[in-house]
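# Descriptive structure summary
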Amino acid sequence: QVQLVESGGGLVQNGGSLRLSCAASGIIFRLNSMGWYRQAPGKQRESVAGITRGGSTDYADSVKGRFAISRDNATSTLYLQMNSLKPEDTAVYYCAVLRGPIASMLVSNWGQGTQVTVSS
């Protein structure tokens, strides 16, 4: 079965950086578009960044210029480099296998999530 395992979350100060990883198995990773979503307490899940199998990327306006999504097809790993983190970036971050554009929320599989907390 499909497994998506996120790692790399944690507590960081305002302005700091983190890199999230998502190890995928059970899918032909290189043939799938992948994405990152996040959900803050009391809020709906929202899109963060997506990457197609061809390497094209798309970002939510709130993270453009600060976050970078990338993929390593050789190791079936998805990454999210997060720089200049703000307290409002605090959320659980989820890796996903996309079935449409990142903003469409059309997802076939979710990871279990990793917590990112940015202190002010």
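Residues numbered from 1 in each chain as written. Predicted model: local features only at pLDDT ≥ 70, side-chain atom pairs only at ≥ 80, totals over all residues. Heavy atoms only, no water.

Here we come to the sheet that holds strand E1 (residues 3-7). Strand pairing in a sheet relies on backbone hydrogen bonds. The paired strands run either parallel or antiparallel. Spatial strand order, E1-E3-E8-E7: four strands in an open sheet with antiparallel pairing. What marks the edges here is a single partner per strand, and that holds for E1 and strand E7 (67-72). The average angle at which neighbouring strand axes cross in this sheet is 15°, direction not considered. Bridging between E7 and strand E8 (residues 77-82) involves six bridges; their strand directions are antiparallel. By the bridge assignment, Phe 67 is partnered in E8 with Met 82. (Pairing = 2+ DSSP bridges. Helix = DSSP H or I, 4+ residues; strand = E, 2+ residues; numbered from the N terminus. Axes fitted to C-alpha atoms, helices over the stretch in contact; angles between N-to-C directions.)

Moving on: the packing of aromatic side chains. In the structure shown here, the tally under the stated rule is two aromatic pairs. Considering the side-chain rings of Tyr 37 and Trp 110, the 5.0 Å spacing of their centres and the 65° angle between planes classify their relative orientation as edge-to-face. One end of the pair, Tyr 37, is in strand E4 (residues 34-39); the other, Trp 110, is in strand E10 (residues 107-110), with 73 residues separating them in the sequence. A residue is classified by how much of its surface remains accessible, and Tyr 37, at 0% relative accessible area, is buried. A centroid spacing of 6.3 Å and a plane angle of 80° characterise the contact between Tyr 94 and Trp 110, whose relative ring orientation is edge-to-face. Of this pair, Tyr 94 sits in strand E9 (residues 91-98) while Trp 110 is found in strand E10, placing the two residues 16 residues apart along the sequence. (Phe/Tyr/Trp six-rings, centres within 6.5 Å; stacked < 30°, edge-to-face > 60°. Buried < 20%, exposed > 50% of the residue type's maximum accessible area, 1.4 Å probe, protein only.)

Take it as geometry only, folks, not as evidence of what the structure does.
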